[in-house]
Structures are given as C-alpha cells and as structure tokens.
Amino acid sequence: MLVTKQPVLRRFWYPVIPIGELQDGPRSFTLLEHPLVLWLDADRKPRAAEDRCCHRSAKLSLGKVVGGNIACPYHGWQFDGKGRCVVVPQKDCAISPNYQVNAYSCAERYGYAWVCLADDPLVGIPDIEETRDPEFRSIQEFYETWKCAGLRVMENEFDLAHPAFVHQGTFGTEEHTTPDSLEFTEEEWKLHVRGVLGVVNPELQQQNLKMDAGETVRTLDMTWFMPFTVKLRINYPNGLSHIIVNTMTPIDDSTSQMVQFCVRNDTEADTATADVVAFDRAVTLEDKRILETTDYDVPLSPNREQHMFTDKPGLIMRKKLVALLKAHGEVEQTRETEFPINERVRLEDWR
Ligand code: FES
Ligand code: CO
C-alpha cells in the first residue's frame, strides 16, 4: 500500500511536532506529502496550514508569528489559524477574500501538535486512558524519521515471534520463540491483542522493574488504533505496567516519523526517567535496524508475502485496512498499480 495514494488516510489524526518545539516560532512538517507550517496562535494553541503563501508561493514556515498569526517572510502578509489573510502591510492594498491559504485541523495531545488533513476526521485522536490516571506518569521518549512504512512498525509491535531474534541485546531469548498465548478482539477502529511471552531481564531492566529475576514474563495488552498508532501495555508480575505508545506519522510512501512516549505506574524515585528512556531506546533501535530493511510497499493482499501463526495480528490489520479502503471506494495502490507490469514489458520490447 502506498500511503500517499490512499486519500482515506488523510482522514486520521497524526502527531507531527512536539508543542515545545513551536515556542520559538513556526516549524515545517511534511504529512502525506503535504508541506505544512505549524505555529502557536495568541492562545498558545497549535495551528497548521499549507506551507505555501497564496501571494508568490513562499514558504510560510520561514516567516514569523505576529500576534498569533503566521507572517510570510516575503512581503509580510499575515494569515490567521483559519488560513485567512488578516494583514497586508503594503500601503493602500485591500485584503481580497481570495487571500487565503488552506488551514488544517490541529490539536494538542500528549505533548504533540496533532494534525488531520481533512475537515471530517473518521475517528478522534487515540485515547490513552492511563494518561488521565494519577497512578501513572507520562514520559516523552523520542521522535525521529524512519525509512520505513508505518504499517511495518504496527505489525512488528504485535509480532511476538520477533523478540527472540531482534531483541537478543535487550530482553529477547531463543528459549521463548513464540508466545504462550495469543487472543484477539476486533473493534471498528481498533484491534486488541493479548499475549504472554517469557523474556530475559537484563541488568538495566531489573533496576527499572525493581526485580531481581534474570527471567520474567510479560503479559501484553496491545491495542492498534487505525491506521498507525499502537499502545503496548506491558504488565509485569510485580504489578508494574509499562505502556509504550507510538505512532508512525506518514511523511511519504517510504518515510514515517516515529513518535514514542511511555506511561507507567511508578515514580521518578522508583526509576529514573533517563533509565526508562535508555532501555526503550535500546529496544527501539534494535527494531529500527531491521524494519528499515523491509519493503515500504507493504502488501495488503495476503498472497504477496508468506506467513506463520504469530503474524495473525498483522493479517487482521491488513484485512481491516482493505475493508477501510473498500468502504471509501478505494483499492490498494501499490508500485505495481503505479507502473503496471505489462507496461514495463512493453518498454522492455523497445530496447
Ligand atoms: Fe507571501 Fe508575498 S509571497 S506575502
Ligand atoms: Co521489537
């Protein structure tokens, strides 16, 4: 599936920039190949618009914020959060109602500015209920660009056969190549999977978990929020719940922004934030190394890759995405549909 060729994916919310990064002025971000400018308005609320001035097409993200409006760096026209031009500084120049740039839905959640490119999102920003629970603290972990399709990362999170091999440097062990159990529940916009997996418990993690054991068991309560957010609630036998939330915000067909934060029911005095982040960072880099080698054109049709039983969550994701496309009058766009095989054969004949 080529994400930029499936218009329905524009109807979901994605985290684009940490709110803190907007304090010093506007920033740019490319979401599904749409160049955006983001800034904070007079109420310190994030705003998003097309990063292209309607006058002579300069990048608004090179401008500055003036009174909550974004001012173009070229001739100083200013646009409000709805994309309307509200100031033209040139003397005797009236503001035409056509002086307008596209503005997009934008909201703050979990420390990020989230954007939906459509006026009518199909579903809200994923709700992580533990962030409202006083027993839990939220920890910002990282955001960065991966050369990888978001769907690969979603499937990988639910793939309990990979830790034994990919995560041998952190918690994986070939003693446990498959989960002890795996259960599924589907909802309209979500998939829940519950699994139990034995893992090793390296030293940093033993400190983080306040556990001595060299081995432990992870009971995983995993939720996939369509299309590219996953919540991984990892429950340990001592009552600790470590929740990882990550979104793979689609930048273009082969590139995503990985956004990850953590929510857990202990305190800074129990475990230093830096240690929590260090362990999750090590685990994530193990995934990144492999996932960036996979094909970004993830086939939704099951016959273009081979499967085993631990792939079932990923196959349900693919099936739900096929149904989503169908419900919106789309079919999966792939590199094959972009450049049909018979077209290529004909080009070959010319050589
Ligand atoms: Fe933006 Fe002229 S290009 S004001
Ligand atoms: Co992994």
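Just above sits the structure.
Residues numbered from 1 in each chain as written. Chains lettered and ligands numbered in written order. Predicted model: local features only at pLDDT ≥ 70, side-chain atom pairs only at ≥ 80, totals over all residues. Heavy atoms only, no water.

(A) Highlighting the sheet that holds strand β12 (residues 181-186). Within the open sheet, the seven strands sit side by side as β11-β17-β16-β15-β14-β13-β12. Their pairing is antiparallel. Each edge of the open sheet carries a strand with a single partner, namely β11 (137-146) and β12. The average undirected angle you get between the axes of adjacent strands in this sheet is 15 degrees. In the sheet, β12 pairs with strand β13 (residues 190-200) via six bridges, with the strands oriented antiparallel. Across the sheet, residue T185 finds its bridge partner in β13, namely H192. With respect to the sheet, helix α1 (residues 150-157) is in contact with β11, β14 (215-225), β15 (229-235), β16 (241-252) and β17 (255-264), its orientation differing from that of β16 by roughly 160 degrees. Sheet contacts for helix α4 (residues 273-291): β11, β14, β16 and β17; angle to β11, the most-contacted strand, approximately 30 degrees. (Pairing = 2+ DSSP bridges. Helix = DSSP H or I, 4+ residues; strand = E, 2+ residues; numbered from the N terminus. Axes fitted to C-alpha atoms, helices over the stretch in contact; angles between N-to-C directions. Contact = heavy atoms within 4.5 Å.)

(B) Region of the structure containing the pairing of β13. Taking the residues that link successive antiparallel strands as the turn, the β12-β13 hairpin has three residues. For β13 and β14, the ladder comprises eleven bridges, and the chain directions are antiparallel. Its bridge partner lying in β14, L197 is registered against R218.

(C) Representation of the coordination of the cobalt ion (ligand 2) in the model. Every protein donor of the cobalt ion (ligand 2) is listed here as H162 (NE2), H167 (NE2), D287 (OD) and D287 (OD), and their distances to the metal cover 2.0 to 2.5 Å. Donor residues for the cobalt ion (ligand 2), ordered by position in the chain, follow H-x4-H-x119-D. In this pair, H167 is assigned in the loop between α2 (163-166) and β12 and D287 in helix α4, connecting sequence segments 120 residues apart. Residue classification places H167 among the buried residues on the basis of a relative accessible area of 2%. A residue is classified by how much of its surface remains accessible, and D287, at 12% relative accessible area, is buried. (Donors = N, O, S within 2.8 Å, 3.2 Å for Na, K, Ca; no water. Buried < 20%, exposed > 50% of the residue type's maximum accessible area, 1.4 Å probe, protein only.)

(D) Spotlight on the pattern of salt bridges. Evaluation of the coordinates by the stated rule reveals 23 salt bridges. With a closest N to O distance of 2.8 Å, R152 and E305 form a salt bridge. Remark: E305 occurs in the loop between α4 and α5 (312-327) and R152 occurs in helix α1; sequence separation between them is 153 residues. Taking relative accessible area as the criterion, E305 reaches 24% and is therefore assigned partly exposed. K319 is paired through a salt bridge with E186; the nearest N and O atoms lie 3.2 Å apart. Of this pair, K319 sits in helix α5 while E186 sits in strand β12, placing them 133 residues apart in sequence. Connected via shared salt-bridge partners are R137, R264, D266 and E268. (Salt bridge = Lys/Arg side-chain N within 4 Å of Asp/Glu carboxyl O.)

(E) Seen up close, the environment of P126. Tracing the chain through its elements places P126 in the loop between β10 (112-116) and β11. Between the C-alpha atom of P126 and that of W189, which follows or precedes it by 63 residues, the distance is 9.8 Å. Each residue touching P126, except ones within four places of it in the same chain, is listed here: Y110, W114, F225 and T229.

(F) Just the nonpolar core, in detail. The biggest cluster of nonpolar side chains holds 62 residues, and the ones touching the most others in it are L38, V115, M154 and F228. Sort the elements by how many residues they give to this core and α5 lands first, with five residues. The contact partners of L38, leaving out residues within four places of it in the chain, are V16, I17, L22, P26, R27, F29, R47, A48, C106, A113 and V115. Judged by nonpolar contacts, the second largest core, of 15 residues, contains Y110, W114, F136 and F261. (Core = buried A, V, L, I, M, F, W, Y, C linked by side-chain atoms within 4.5 Å.)

(G) Structural context of the side chain of R318. Relative to the elements of secondary structure, R318 occurs in helix α5. By relative accessible area, which is 4% here, R318 ends up buried. Of the polar contacts made by the side chain of R318, one reaches the side chain of E155; its length is 2.6 Å. Looking at R318, its side chain comes within polar contact range of the side chain of E305, at 2.9 Å. Apart from residues lying up to four places away in sequence, R318 is in contact with L151, R152, E155, V298, P299, L300, E305 and H307. (Polar contact = N/O pair within 3.5 Å; in protein donor to acceptor, adjacent residues only side chain to side chain.)

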